[in-house]
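A structural walkthrough
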Amino acid sequence: MRKYILPVVAMVSLSAPARAQKENFVSLAPGTSEQQIIQKAANIVPTARQLRWQQLELTAFFHFGINTFTGKEWGDGKEDPALFNPTALDAVQWVKTMKDAGFKQVIITAKHHDGFCLWPTKTTDHSIKSSPWKSGKGDVVKEVAAACKKLGMGFGVYLSPWDRNASVYGTDAYNEFFVKQLTELLTWYGKVDEVWFDGANGEGPNGKKQVYDFNRWYKLIRKLQPQAVIAIMGPDVRWVGTESGKGRRTEWSVVPTNNLDQDQIAAGSQQGMLFKPQSDMTGSDLGGRDRIATAKGLVWYPAETDVSIRPGWFYHADQDEKVKTPKELMQIYFTSVGMNSVLLLNVPPDKRGLINESDVRTLQQWSRMRKELFKTNLLAGAAITCNNGVNTAALLDGKDATYFTTRGGDTATTLVFKLKQPRTFNAFSIQEDIRIGQRVEQFSVYYKQDGAWKPFVQETTIGYKRLLHFDPVTANEIKIEIESSRLNPTIASAGLYFYEW
Ligand code: FUL
């Protein structure tokens with residue numbers, strides 16, 4: 001189901017007048033020049049919760065529910081709860097599988113479109129309470145939350161706004177019902193790090209569609225779990241626009257907001273607004289100069305790439321042979337994390353209530369491949385020259401909190417790395433320090449061969465992380481050219497790697 005983008009709430013201090021510095025939002029007065037807009041965009045930064053989320057890099061979805069037992073992708077809400085009966089459910093196995101594969105946070109589908117609840121909600125009988133599993137005394141959400149706590153992993157909930165079972169769906173009472181469900185999830189299970197709302201808005205059992213009260217739900221989340229990011233149909237995290245694992249080459253985390261007059265949220269220091277129409281969400285460049293030149297406001301609204309390890313979101317035994325290979329996952333890693341987004345990989349538990357052996361195997365192999373690939377930064381120990389650079393050492397110190405920049409606000413620069421000996425490499429990594437902002441618009445990387453510089457990377461944005469994979473190159477000198485940047489570039493790290501897969 002496509003996601004429909006609705007209200008975006010930016011965190012902004014209403015008492016801080018049009019101050020572009022260190023906010024995740026700025027409104028632009030009519031008449032602001034293009035140059036001023038570019039500068040303001042370059043100074044927008046993530047909120048603390050957005051930064052934490054971005055640094056996770058890898059998060060996982062567990063699609064699990066009544067569909068696991070009916071073989072469907074979308075249940076119609078008429079399923080008999082008696083069908084829900086996992087024989088060996090082990091949430092620690094789910095969470096540990098993901099942790100071992102390098103993931104930092106998981107999200108459980110507490111309720112999918114069929115309305116069946118995986119926790120003993122007081123709002124409806126259409127839940128595990130009415131199932132034979134643990135004689136109706138079980139609680140999947142609780143088990144996942146406890147496993148996350150035990151293993152030191154972030155915990156998130158997916159609660160589908162679309163509910164094909166609730167009799168009140170399509171009436172005002174549904175928003176009330178939804179608030180109750182959300183309140184249970186946000187108060188019964190300890191810390192919640194992410195709340196994921198899908199945009200699907202179909203008909204309920206009475207044939208009516210619901211007008212979702214998103215702003216009320218956001219306020220509730222901010223009140224009960226202020227550190228949680230609200231994803232997709234929410235203010236903190238944006239859908240990348242595909243479900244293939246492929247993000248966009250030019251991925252700006254700062255995007256325009258418009259219709260600033262709409263949906264003001266009174267509570268605290270929040271201001272609501274509507275993002276531009278949903279058609280914008282799948283464009284090839286959402287935040288480039290052309291896009292922001294006419295904006296009324298700008299917001300840090302980073303992309304999340306959601307994709308399933310299998311063809312379906314839910315487990316189907318006949319897809320055991322269609323689990324993505326370690327190579328395919330590596331490709332996805334490069335086009336999601338490596339394209340300035342967070343990867344949200346779905347790994348659906350099977351009918352037993354376990355992550356299936358085929359999925360575990362591919363995750364383990366992919367994780368080993370990543371470890372091998374990033375084991376040695378071949379740039380380490382290189383002599384760096386840059387005639388307008390400050391703090392070149394930060395590029396190779398392995399620390400996030402230090403960065404290289406240029407003197408006097410220069411927006412272009414050239415860095416030459418001389419290695420101690422020729423090296424062969426086939427991957428390149430570069431990161432901006434997004435706590436300062438996202439700035440780079442165009443960069444290239446060259447290697448020296450027979451005295452001449454040859455380009456092997458020619459790209460646009462960097463953002464939190466950019467990863468490139470290419471045919472092996474052997475050289476002992478390489479050159480990074482930042483050709484264009486919105487303000488002085490602030491680069492946290494650079495690396496060259498070699499691993500064949
Ligand atoms: C979609 C839903 O319709 C799918 O079933 C799945 O949950 C996916 C993550 O979001 O829009």
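Residues numbered from 1 in each chain as written. Predicted model: local features only at pLDDT ≥ 70, side-chain atom pairs only at ≥ 80, totals over all residues. Heavy atoms only, no water.

**Some details on the overall build of the chain**
Helix and strand counts for the chain stand at 10 helices and 21 strands. Computed over the C-alpha atoms, the radius of gyration of the chain is 24 Å, within 12% of the 23 Å expected from 2.2 N^0.38 for a compact globule of 501 residues. Each of the three principal axes of the chain carries a C-alpha extent, and together these read 75 × 55 × 35 Å. Burial status across the chain gives 61% buried among its 501 residues. A fraction of 76% describes how many contacts in the chain between residues 6 or more apart in sequence connect residues 24 or more apart. For the chain, the exposed surface amounts to about 19000 Å²; the carbon and sulfur share of it is 49%. Both charge centroids of the chain, one from 61 positive and one from 53 negative side chains, sit 4 Å from each other. (Helix = DSSP H or I, 4+ residues; strand = E, 2+ residues; numbered from the N terminus. Rg over C-alpha atoms; globule rule 2.2 N^0.38 Å. Buried < 20%, exposed > 50% of the residue type's maximum accessible area, 1.4 Å probe, protein only. Contact = heavy atoms within 4.5 Å. Areas by Shrake-Rupley, 256 points an atom, 1.4 Å probe, with all protein chains shown as cover. Lys, Arg positive; Asp, Glu negative; His and termini not counted. Charge placed at Lys NZ, Arg CZ, Asp CG, Glu CD.)

**Looking at the pairing of strand 19 (residues 452-459)**
Of the strand pairs in this sheet, strand 18 (residues 440-449) and strand 19 are connected by 7 bridges, and their pairing is antiparallel. Bridging from a neighbouring strand, Tyr 446 pairs with Pro 455 of strand 19. Taking the residues that link successive antiparallel strands as the turn, the strand 18-strand 19 hairpin has 2 residues, and the phi of Asp 450 there is positive, at about 50°. (Pairing = 2+ DSSP bridges.)

**Describing the side chain of Thr 59**
The topology assignment puts Thr 59 in strand 3 (residues 58-62). Owing to a relative accessible area of 0%, Thr 59 belongs among the buried residues under this scheme. When neighbours within four sequence positions are excluded, Thr 59 is seen to be in contact with Phe 103, Gln 105, Glu 304, Val 342, Leu 343, Leu 344 and Leu 345.

**Details of the sheet that holds strand 4 (residues 105-111)**
Spatially, 8 strands are ordered 7-6-5-4-3-13-12-8 in an open sheet, and the strand pairing comes out parallel. Every interior strand has two partners, whereas the edge strands, strand 7 (229-232) and strand 8 (238-239), have only one.

**With respect to the packing of aromatic side chains**
Inspection of every chain in the model, using the stated rule, returns 36 aromatic pairs. Ring plane angle 70° and centroid distance 5.7 Å describe the contact between Phe 61 and Tyr 158, whose orientation is recorded as edge-to-face. Residue Phe 61 is located in strand 3, and its partner Tyr 158 is located in strand 5 (residues 154-159); the two are separated by 97 residues in the primary sequence. The two residues Phe 61 and Tyr 158 agree in class, both being buried. Measuring from centroid to centroid gives 6.4 Å for Phe 425 and Phe 470, while their planes differ by 85°, and the two rings are edge-to-face. (Phe/Tyr/Trp six-rings, centres within 6.5 Å; stacked < 30°, edge-to-face > 60°.)

**Details of the pairing of strand 18**
For a regular strand, side chains alternate in direction, first toward one face of the sheet and then toward the other. Where burial is concerned, most of strand 18 is hidden: 7 out of the 10 residues are buried. Where strand 18 lies against strand 20 (residues 466-485), 7 bridges are found, and the strand directions are antiparallel. The residue bridging Tyr 447 from the neighbouring strand is Ile 478, located in strand 20.

**Some words on the pattern of salt bridges**
All told, the structure shown has 24 salt bridges when counted by the stated rule. The salt bridge involving Lys 465 is made with Glu 57; its shortest N-O contact spans 3.0 Å. With Lys 465 in the loop between strand 19 and strand 20 and Glu 57 in the loop between helix 2 (48-56) and strand 3, the pair connects residues that are 408 residues apart, well separated along the chain. The two residues Lys 465 and Glu 57 agree in class, both being buried. Because the salt bridges share partners, they merge into one network encompassing Arg 49, Arg 222 and Asp 236. (Salt bridge = Lys/Arg side-chain N within 4 Å of Asp/Glu carboxyl O.)

**Notes on the environment of Glu 481**
Along the polypeptide, Glu 481 turns up in strand 20. A relative accessible area of 18% places Glu 481 in the buried class. Along the backbone, Glu 481 and Val 416 are 65 residues apart, and their C-alpha atoms lie at a distance of 8.7 Å. Excluding its chain neighbours within four sequence positions, the residues that come into contact with Glu 481 are Thr 413, Thr 414, Gln 442, Phe 443, Ser 444 and Tyr 446. Side-chain polar atoms of Glu 481 contact the side chain of Lys 479, separated by 3.2 Å. (Polar contact = N/O pair within 3.5 Å; in protein donor to acceptor, adjacent residues only side chain to side chain.)

**A few points about unusual backbone geometry**
A positive phi angle is found at Glu 57, which is not glycine, with a value near 65°. What makes Glu 57 buried here is its relative accessible area of 13%. Even without being a glycine, Asn 391 presents a positive backbone phi close to 65°. As for its placement among the helices and strands, Asn 391 is situated in the loop between strand 15 (389-390) and strand 16 (405-406).

**Topic: the packing of helix 4 (residues 91-100) against helix 10 (residues 357-373)**
Any two packed helices are characterised by how steeply their axes cross, that is the angle between the axes, and by the distance between the axes. For the pair helix 4 and helix 10, the least separation of the axes is 9 Å and the interaxial angle reads 25°. On the basis of their axis angle, the class for helix 4 and helix 10 is roughly parallel. For the pair helix 4 and helix 10, contact is made by Gln 93, Thr 97, Met 98 and Asp 100 and by Val 360, Leu 363, Ser 367 and Lys 371, respectively. In terms of residue class, the contact of helix 4 with helix 10 is built from 3 nonpolar, 3 polar and 2 charged. (Axes fitted to C-alpha atoms, helices over the stretch in contact; angles between N-to-C directions. Parallel < 35°, antiparallel > 145°, perpendicular 65-115°, else oblique. Nonpolar A, V, L, I, M, F, W, Y, C, P; charged D, E, K, R; others polar.)

**Quick word on the confidence of the model for the chain**
Here the chain averages 91 in pLDDT, and 91% of its residues register 70 or above. pLDDT under 50 marks residues 259-279. Its contacts with residues more than four places away, or in other chains, come to 69 contacts. (pLDDT = per-residue confidence, 0-100.)

**Things to note about the domain arrangement of the chain**
Split into domains, the chain comes out as domain 1 (25-373) and domain 2 (383-497). Centre-to-centre, using C-alpha coordinates, domain 1 lies 33 Å away from domain 2. Across the contact, 30 residues belong to domain 1 and 26 residues belong to domain 2. Roughly 2400 Å² is buried in total at the junction of domain 1 and domain 2, and carbon and sulfur atoms are behind 55% of that figure. Put simply, domain 1 and domain 2 have 3 salt bridges between them. Of the charged contacts in the structure, one is a salt bridge between Glu 441 and Arg 289, with a shortest N-O distance of 2.7 Å. Sorting the residues of the side of domain 1 that touches domain 2 by element identifies helix 1 (34-43), helix 2, helix 8 (289-292) and helix 9 (326-335) as the ones contributing at least two each. Ranked by residue count, the leading element in the side of domain 1 that touches domain 2 is helix 1, at 5 residues. (Domains from an automatic or database assignment. Buried area = accessible area lost by both parts, 1.4 Å probe.)

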